[in-house]
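Remarks on the overall topology
If you want the building blocks of each chain, they are given just below.
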Amino acid sequence: MESTKSKPRDSTGSDLSEQIKAATKDSHVRAENTQLMLNYQKGQITQTQYKLLLCSLYEIYRALEEELDRNADHPAVQPVYFPQELARLESLELDLEHFFGPHWRKRVTVPAATHRYTQRLREIGKNSPNLLVAHAYTRYLGDLSGGQVLGKITQKSLGLSGIKGIAFFSFPGVTSPNKFKQLYRGRMNSIELTEQQRQEVLDEATRAFEFNIEVFDDLQKMLSITEEASSEKRNDTASQSQSRTFSNSPILQFALGVGITLATVGMGVYAF
Ligand code: HEM
């Protein structure tokens, strides 16, 4: 399936892949500079942080890949439909099972920003499949770029061996990420779009980055408050026995953080 295909250029003489990269350049810098990503790049990723991130990625890819599957024959989806090479849902399921055990589905909790992101994916999958390419580009090309570095950082920071817990970052169907990205760009450029549709795709790509930034910011807030709550608990000698109960139960500990988060930043949390 990894074969290149030539493609027509649009009337402006610029390829969609070039335009989308240019249109999202500033958003990419902002995404890289979210607190969560900055901490990540410094190798400051804990298992709690990573598990929480996996939960959101799971919901995002579930929506994205279900909508891509449903629209696989759509002319604006078919050229960039690479389930064998790119699909992340099964790897995320493996990673979640690794960290949360067999009943991981009951443990998936995401912030409101993740919920808004998945709602948008469902909406465009239903009403504007032309725009799916913007989201597929943002996530998959990101995973094949900076994502590869993040995978190595995760493995090192969490002391993981093999691909256990980090299947998400591994693309066994892609022999060379760079060559595959070239192929993908070529396929994006082969999608026939009117000028208006093309502009809508570019706008949607900026939105896709924005959704990711909001997810990272929400996760960071949840994490900060959860950490604050556990440190307050540690200091609270008067209620030591109750504190022990919380720290022994990751769900309760997390729920405590979330409860405070809800009250503090007005952020919804969704358990699936
Ligand atoms: C720690 C954070 C990040 C780092 C260090 C990083 C790094 C990079 C690098 C070095 C490239 C260029 C690869 C190349 O030219 O072949 C790239 C491309 C890309 N990144 Fe990121 N990235 C980060 C976060 C993100 C996030 C959060 C997203 C979106 C959710 C994202 C989406 C993309 C996309 C779509 C491309 C492909 C650009 C193109 O060639 O059109 N990145 N990233």
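This text gives an overview of the structure that appears in the document.

Here is what the cut-offs are and how they apply
Residues numbered from 1 in each chain as written. Predicted model: local features only at pLDDT ≥ 70, side-chain atom pairs only at ≥ 80, totals over all residues. Heavy atoms only, no water. Donors = N, O, S within 2.8 Å, 3.2 Å for Na, K, Ca; no water. Helix = DSSP H or I, 4+ residues; strand = E, 2+ residues; numbered from the N terminus. Salt bridge = Lys/Arg side-chain N within 4 Å of Asp/Glu carboxyl O. Buried < 20%, exposed > 50% of the residue type's maximum accessible area, 1.4 Å probe, protein only. Axes fitted to C-alpha atoms, helices over the stretch in contact; angles between N-to-C directions. Parallel < 35°, antiparallel > 145°, perpendicular 65-115°, else oblique. Left-handed = near helix turned anticlockwise from the far one by under 90°. Contact = heavy atoms within 4.5 Å. Nonpolar A, V, L, I, M, F, W, Y, C, P; charged D, E, K, R; others polar.

Section: the coordination of the iron atom of the ligand
Just one protein atom coordinates the iron atom of the ligand, and that atom is His-28 (NE2), at 2.1 Å. With respect to the helices, strands and loops of the structure, His-28 is situated in helix H2 (residues 25–32).

Some thoughts on the pattern of salt bridges
Once their charged atoms are close, side chains differing in charge can pair, the charge on each being opposite to the other. Applying the stated criterion across every chain, the model contains 12 salt bridges. Between Glu-204 and Arg-120 there is a salt bridge, with the nearest N and O atoms lying 2.7 Å from each other. Of this pair, Glu-204 sits in helix H11 (residues 195–235) while Arg-120 is found in helix H7 (residues 112–127), placing the two residues 84 residues apart along the sequence. Relative accessible area serves as the criterion here: at 2%, Glu-204 is assigned to the buried category. A salt bridge links Glu-204 to Arg-207; the nearest nitrogen and oxygen atoms lie 4.0 Å apart. In this pair, Glu-204 and Arg-207 both sit in helix H11, 3 residues apart, roughly one turn of the helix. Under the relative-accessibility criterion, Arg-207 is labelled partly exposed at 41%. Members of the salt-bridge network, linked through shared partners, are Glu-66, Glu-67, Arg-70 and Arg-122.

Overview of the packing of helix H4 (residues 47–70) against helix H8 (residues 132–143)
Where H4 meets H8, the axes come as close as 11 Å, and the angle between the chain directions of the two elements is 130 degrees. Judged by the inter-axis angle, H4 sits oblique to H8. You can see that H4 and H8 cross each other, and the crossing is left-handed. Facing Leu-57, Ile-60, Tyr-61, Leu-64, Glu-65, Glu-67 and Leu-68 of H4, the residues of H8 in contact are Leu-132, His-135, Ala-136, Arg-139, Tyr-140 and Asp-143. Here the contact of H4 with H8 is composed, by residue class, of 8 nonpolar, 1 polar and 4 charged.

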